[in-house]
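# Structural overview for review
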Amino acid sequence: MQRPRVAPYLTVSPAAGAIAFYTAAFGAQQRALMPSVDGMRIAHCELAINGGSVMLADVFPELGHARMPLPGEQVTSSVSLEYDKAQEVDDIVARASQLGAKIETQPTNTFWGTRYAALRDPFGHRWILNAPLDSSGG
């Protein structure tokens, strides 16, 4: 399977915990996993989520190039997931909430024609979920 030409790359620790969360909450499937040489962290992981890819790795402060979000910090980017059916948004929000996500916007019907929700995962990353209000999938 070819990787998408654009995919978010998240810095998250512990990456193993994030992989477990994304698998349980979003139905992610692991495509690639590369442990770090220290054997304690994950240097790279690629997850297939909803037809796209999300890549992630543990934070490596010794390299000084990226950091994790700070608790309560406003985010500067979000990962957007588009679904075919409005019920999928509701189901994912319920699952993610049970797994420790903070719901920022409960599933709601929007004036722009989607079932919309926003959540912050337990690692500080923001996810936006949308599906057409016409849940026929077409």
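Scroll up for the structure.
Report on the accompanying structure. Nothing here was measured: the structure is a model prediction, and the numbers come from that model.

## Some details on the pairing of strand S4 (residues 52-57)
Counting buried positions along S4 yields five of six residues, so the element is predominantly enclosed. Note: strand S1 (residues 9-11) against S4, three bridges, orientation parallel. Looking across to S4, one finds that Thr 11 is bridged to Ala 57. Pairing between strand S3 (residues 42-49) and S4: five bridges, direction antiparallel. Residue pairing across strands places Ile 49 opposite Gly 52, the latter belonging to S4. Counting the residues in the hairpin turn of S3 and S4 gives two residues, including Asn 50, whose phi is positive at 55°.

## Here's the deal with the nonpolar core
Membership of the largest hydrophobic core comes to 31 residues, with the highest contact counts inside it found for Tyr 22, Phe 26, Ile 49, Leu 56, Leu 119, Trp 127 and Leu 129. When contributions to this core are tallied by element, the ones reaching two or more residues are helix H1 (15-26), S3, S4, strand S5 (78-82), helix H2 (86-98), strand S7 (114-120) and strand S8 (126-132). The leading source of residues in this core is H1, at seven residues. Beyond its immediate chain neighbours, meaning those up to four positions away, Trp 127 contacts Leu 10, Tyr 22, Phe 26, Ile 49, Val 54, Val 79, Leu 81, Ala 117, Ala 118, Leu 119 and Asp 121.

## Observations concerning the packing of aromatic side chains
Taken as a whole, this structure holds nine aromatic pairs when the rule is applied. Relative to Phe 123, the ring of Phe 21 lies with its centre 6.3 Å away and its plane at 75°, an arrangement referred to as edge-to-face. One end of the pair, Phe 21, is in helix H1; the other, Phe 123, is in the loop between S7 and S8, with 102 residues separating them in the sequence. As far as burial versus exposure is concerned, Phe 21 and Phe 123 are alike and both buried. Look at Phe 111 and Trp 112: their rings are 5.0 Å apart centre to centre, the planes differ by 85°, and that puts the pair in the edge-to-face class.

## Digging into the pairing of strand S2 (residues 29-35)
The sheet contact formed by S2 and S3 spans six bridges and is antiparallel. Bridge pairing in S3 places Met 34 opposite His 44. What sits between the antiparallel neighbours S2 and S3 is a turn of six residues, in which Gly 39 has the positive phi angle 75°.

## Examining the environment of Arg 120
Within the secondary structure layout, Arg 120 lies in strand S7. Judged by relative accessible area, Arg 120 falls into the buried class, the value being 14%. Measuring from C-alpha to C-alpha, the distance between Arg 120 and Lys 102 comes to 5.1 Å, with 18 residues separating the pair along the chain. Apart from the residues lying within four places of it in its own chain, the contact partners of Arg 120 are Glu 73, Gln 74, Val 75, Ala 101, Lys 102, Glu 104, His 125 and Arg 126. A polar atom in the side chain of Arg 120 sits 3.2 Å from the side chain of Glu 104. Among the polar contacts listed, one links the side chain of Arg 120 to the backbone oxygen of Gly 124, at a separation of 3.4 Å.

Rules of the game
- Residues numbered from 1 in each chain as written.
- Predicted model: local features only at pLDDT ≥ 70, side-chain atom pairs only at ≥ 80, totals over all residues.
- Heavy atoms only, no water.
- Buried < 20%, exposed > 50% of the residue type's maximum accessible area, 1.4 Å probe, protein only.
- Helix = DSSP H or I, 4+ residues; strand = E, 2+ residues; numbered from the N terminus.
- Pairing = 2+ DSSP bridges.
- Core = buried A, V, L, I, M, F, W, Y, C linked by side-chain atoms within 4.5 Å.
- Contact = heavy atoms within 4.5 Å.
- Phe/Tyr/Trp six-rings, centres within 6.5 Å; stacked < 30°, edge-to-face > 60°.
- Polar contact = N/O pair within 3.5 Å; in protein donor to acceptor, adjacent residues only side chain to side chain.

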